[in-house]
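# Inside the fold
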Amino acid sequence: MDFSLAAVLPQIFTGLVLGMLFVLLAIGLSLIFGLMTVVNFSHGALYMLGAYFTVFFLGYTRNFWLALLLAPLMVGTFGLLVERFLIRRLYGRSPDDPLLLTFGLSLVLIETAKLVWGKIGLTLDPPRELGGAVNLGFMAFPAYRLFVIAVTVGVLLALWAFLTRTNVGLIIRAGSRDPLMVRALGIDLNRIWLLVFGIGCALAGLAGALAGPMRGAYAEMGVTMVIESFVVVVVGGMGSLLGAVVAGIMMGQVVGITTFFAPALAEIMVFVVMALVLLVRPSGIFGEAGLME
Amino acid sequence: MASITRRKFLAATGGTAGAIATQGFFPAVLRAQAEPLRIGCPLPLTGPFAALAADMQRGAQLAQDELNAKGGVMGRKVEVLFRDDELKPAVGAQRTKELIENQKCQFIVGGLAAHVQMAINEQTKKAKVLFISTSQSDEISAKPDTSPITFHEALNPTITSRVMGTWVAQNLGKKWWIIYADYAWGKQNNAVLQDTLQKNGGTLLGATPYPLGSAEFSAHLPKIQAAKPDVLMSMTPGADNIAFLKQVRSFGMDKTMKIAQPLLWISYLKEGGPELYSDIYGSINWYWELQDTIPSAKKFVEASMKKFNIPPGDYGAYSYSGVLEVARGVELAKSTDSEAVANALRKSPVYDHFKGKQWWRACDNKSMQDMWIVKGRGPGKTKGDWGLMDMVAKVTADEKYDRTCAEKGFV
């Protein structure tokens, strides 16, 4: 087998794209968990909705860019409704309750998707201008995948700016550290939680919308992704956004590199790495001890 | 535990009471007329094979309607009962058991994924119920897995991969990379293809297994691209196929190598579109344009167009034929006893329901049949909504393409 840089570099690059989807999903999960201690199991189903909404809006508007914008917004709006009418009722109860609720919700969403869009799945093409492959020197790489990397980096920067440079961001960060004190300052945390849940869901929707042109849209597409994303969150440290980014990229590489050497082990390796990380750092790479207690 | 025992007890006593009541009040003939002939049909109606399963469901329904329009089988109406096996062996086994025990199905026709079909077969063997498998598998008609009441209507990996592999090696190139779904069907095809390639003096550059139902192939592709094969042989069934071809094309690999797969499925050609499937090679058991030359194909296509407004696919044809074979066997045997029906089918093995002459090979109950090499028609070359493939070559049925009876464990 050829182990030269020219052979491994393309592998690293494809792993990076895979990592981007993990990052988008894991950031949303981590944001929601970090602030609200809600383990959002419907995240995979929201990812699936993102892909289907993109197909839907593309059909209506005939404009991919508009569909890519509208689909995450729709998923985010749906997230707002879920928080307002379902999850809000469960605050103050054990973390198992929202977990069960969102798990049930994901089953409902998957079955609904089958009813609405059929069991077969739909396909979706990248826009013409991103249809081809770009010569990177060491390989021809699909233009659309480069675009996925660019969008993710852009979204991460915007999110970082939002959390560090705005008042709302400041409140979100403060709320995740000490909700009681934030309330004592007269801030309505309910509205902040609503917003955060919506943002987290919109990020899942965006991941689905971006994945659509690569993988198509089908009802079960989120089932394995949500598990892998949870692995990413756990490895990065529950609630840590930096952890989600680092672990997401790392897991993309684990899958990419394992696929190169032993394709049959690629799926398992994700869990092996998780086990190894947790042995050394029980609360994840950037996690704080005691978050789940 | 107590509740289960009580439930079982109630079910058993209730069933016995019911049986006594019917036997007591109705003469035997009346009872036979009232009860339809039930055929159970487990299929993966959800999941990555859903489109194929829907096609198979339509095929079996057509067969049922056709039989009932003729007055049923031995004066009894035919009723095909569908169950979702969810593409899981345990669920397939459970649904089959339910079909046989609760629904009183006397025959089972169906199965799509090789590993699920094996689980179905375990149940039908145990219940001594005739099973016509419509899934591609080598083991289903070989010892020790098969049985005298297990029939196999579909092609199998040995036949498709030998035929397709030989044709590809002779016509498209001899340096191959193989990618296959990591389960029974994919593994069997991979083994046969490697063997066929070697016999044709070709070189295998690599073989990659991937988990079935995965939509992400990109991590596999750079390595394949760097190896520069003449042919990329793919066993990426169901919905995987569309994701796979999309990613292969987005990496520009379609321009540097030929893509061939032992199976092409019209449902996915339709979903993926002619651009995606343009110049993709495959082998196939049947294609609706055969209606131009084969009378039974024409009849089948017309019935499907009338009822569903779409032509049947290759797998719908399998289940259509499977149900009709059960009916033919019952009428030949003048009995619904599975063993008698199996013997009757072996005694007059030749049939033609949708593609011209087929026959059951005596030793292993394997259906021998013609097959075709096809190629996706590019955009602008399609005919109507469904005219998506060109027939490149016909391969006439011959027992030599399958393993011999001795190789399959029959002496």
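Summary of the structure given here. (Residues numbered from 1 in each chain as written. Chains lettered and ligands numbered in written order. Predicted model: local features only at pLDDT ≥ 70, side-chain atom pairs only at ≥ 80, totals over all residues. Heavy atoms only, no water.)

What follows is about the overall build of chain A. Scanning chain A from N- to C-terminus turns up 11 helices and two strands. Put simply, chain A runs from its N terminus to its C terminus through helices and strands in the order α-α-α-α-β-β-α-α-α-α-α-α-α. Computed over C-alpha atoms, the radius of gyration of chain A comes to 19 Å, within 12% of the 19 Å expected from 2.2 N^0.38 for 293 residues, which places it in the range of a compact globule. If one aligns the C-alpha atoms of chain A with their principal axes, the spans along those axes are about 60 × 50 × 35 Å. Residues counted as buried form 50% of the 293 residues belonging to chain A. (Helix = DSSP H or I, 4+ residues; strand = E, 2+ residues; numbered from the N terminus. Rg over C-alpha atoms; globule rule 2.2 N^0.38 Å. Buried < 20%, exposed > 50% of the residue type's maximum accessible area, 1.4 Å probe, protein only.)

Bringing the pairing of strand S3 (residues 107-110) of chain B into the picture now. Residues and elements named next belong to chain B. Here S3 shows two buried faces, one formed by Phe107 and Val109 and the other by Ile108 and Gly110. Alignment of strand S1 (residues 37-43) against S3, held across two bridges, turns out to be parallel. Among the inter-strand pairings, Gly40 is bridged to a residue of S3, identified as Ile108. When S3 meets strand S4 (residues 130-133), the two strands line up parallel, connected through four bridges. Along S4, the bridge assignment pairs Phe107 with Leu130. As for the winding sense of the linkage, the β-α-β connection from S3 through helix H5 (residues 114-127) to S4 is right-handed. (Pairing = 2+ DSSP bridges. Right-handed = clockwise from strand over helix to strand, strands pointing away.)

Residue and element names in this part refer to chain B. In this structure the tally under the stated criterion is one disulfide over all chains. Free of any disulfide, Cys105 has its nearest neighbouring cysteine sulfur in Cys41, separated by 9.7 Å. Its relative accessible area of 3% is what places Cys105 among the buried residues. (Disulfide = S-S within 2.5 Å.)

Let us now look at the packing of aromatic side chains. The geometry of an aromatic ring pair is captured by the separation of the ring centres together with the interplanar angle, meaning the angle of the planes. Under the counting rule described, the total for this entry stands at 28 aromatic pairs over all chains. With 5.2 Å between their ring centres and 50 degrees between their planes, A:Phe56 and A:Tyr60 make a pair best called tilted. With A:Phe56 and A:Tyr60 both in helix H2 (residues 43-61) and four residues apart, this pair spans about one turn of that helix. On the basis of relative accessibility, which here comes to 66%, the residue A:Tyr60 falls in the exposed class. Through pairs of rings, three or more aromatic residues link up here, namely A:Tyr52, A:Phe53, A:Phe56, A:Phe57, A:Tyr60 and A:Trp117. For the cation-ring pair, B:Lys223 lies above A:Phe260, with the distance from its terminal atom to the ring centre recorded as 5.3 Å. Cation over ring: B:Lys270 sits above B:Trp386, and NZ or CZ is 5.2 Å from the ring centre. (Phe/Tyr/Trp six-rings, centres within 6.5 Å; stacked < 30°, edge-to-face > 60°. Lys NZ or Arg CZ within 6 Å of the ring centre and 35° of its normal.)

On to a nonpolar patch on the surface. A surface patch of nonpolar side chains, amounting to about 520 Å² of accessible area, comprises A:Ile268, A:Val272, A:Leu276, A:Leu279 and A:Val280. In this fold, A:Ile268 is placed in helix H11 (residues 266-280). (Patch = residues over 30% accessible without salt bridge, like charges linked within 9 Å, V, L, I, M, F, W, Y side chains within 5 Å. Areas by Shrake-Rupley, 256 points an atom, 1.4 Å probe, with all protein chains shown as cover. Salt bridge = Lys/Arg side-chain N within 4 Å of Asp/Glu carboxyl O.)

Interface size is commonly expressed as the accessible area that is lost once the parts come together. On the side of chain B, 26 residues touch chain A, which itself brings 32 residues to the contact. Across the chain A to chain B interface the summed buried area is about 2400 Å²; carbon plus sulfur atoms make up 58%. One can count three salt bridges joining chain A with chain B. The salt bridge partner of A:Arg145 is B:Glu216, with a shortest N-O separation of 3.2 Å. Taken together, chain A and chain B are joined by 10 residue pairs in polar contact (both at pLDDT 80 or more). Contributions of two or more residues to the side of chain A that touches chain B are made by helix H1 (5-36), strand S2 (140-142), helix H8 (189-215) and helix H10 (241-261) of chain A. The element best represented in the side of chain A that touches chain B is H1(A), accounting for four residues. (Contact = heavy atoms within 4.5 Å. Buried area = accessible area lost by both parts, 1.4 Å probe. Polar contact = N/O pair within 3.5 Å; in protein donor to acceptor, adjacent residues only side chain to side chain.)

Bringing the nonpolar core into the picture now. One finds A:Leu210 and B:Leu232 to be the most contacted residues of the largest nonpolar core, which totals 209 residues. Per-element tally for this core: the top contributor is H1(A), with 16 residues. Apart from residues no more than four positions distant in its own chain, A:Leu210 is found in contact with A:Leu21, A:Leu24, A:Leu68, A:Tyr144, A:Phe147, A:Val148, A:Val151 and A:Thr152. (Core = buried A, V, L, I, M, F, W, Y, C linked by side-chain atoms within 4.5 Å.)

This part is about the sheet that holds strand S10 (residues 281-284) of chain B. Residues and elements named next belong to chain B. Spatially, seven strands are ordered S7-S6-S8-S9-S10-S14-S15 in an open sheet, and the strand pairing comes out mixed. Each of the sheet's edge strands pairs with one partner strand only, and the pair in question is strand S7 (203-210) and strand S15 (389-395). Taken pair by pair, the neighbouring strands of this sheet meet at an average axis angle of 20 degrees, ignoring direction. Sheet topology places strand S6 (residues 175-181) next to S7; seven bridges connect them, and they run parallel. Bridged to Trp176 within S7 is Leu204. Docked against the sheet, helix H6 (residues 157-171) engages S6, strand S8 (231-235), strand S9 (258-261), S10, strand S14 (371-376) and S15, running at close to 55 degrees with respect to S14. Where helix H7 (residues 184-199) meets the sheet, its contacts fall on S6, S7 and S8, and the angle it forms with S6 comes to roughly 165 degrees. (Axes fitted to C-alpha atoms, helices over the stretch in contact; angles between N-to-C directions.)

The next thing to look at is H5(B). All names here are of chain B. The end-to-end C-alpha distance of H5 is 20 Å, a good match for the 20 Å that 14 residues give at a rise of 1.5 Å each. Every buried residue belonging to H5 is among Ala114, Val116, Gln117, Met118, Ala119, Ile120, Asn121, Gln123 and Thr124, and all of these are buried. Tucked into the core, H5 has its buried residues touching S1, helix H4 (89-101), S3, S4, strand S5 (150-152) and H7. Phi for Lys128, located one or two positions after H5, is positive at around 55 degrees. (Expected span 1.5 Å × (residues − 1).)

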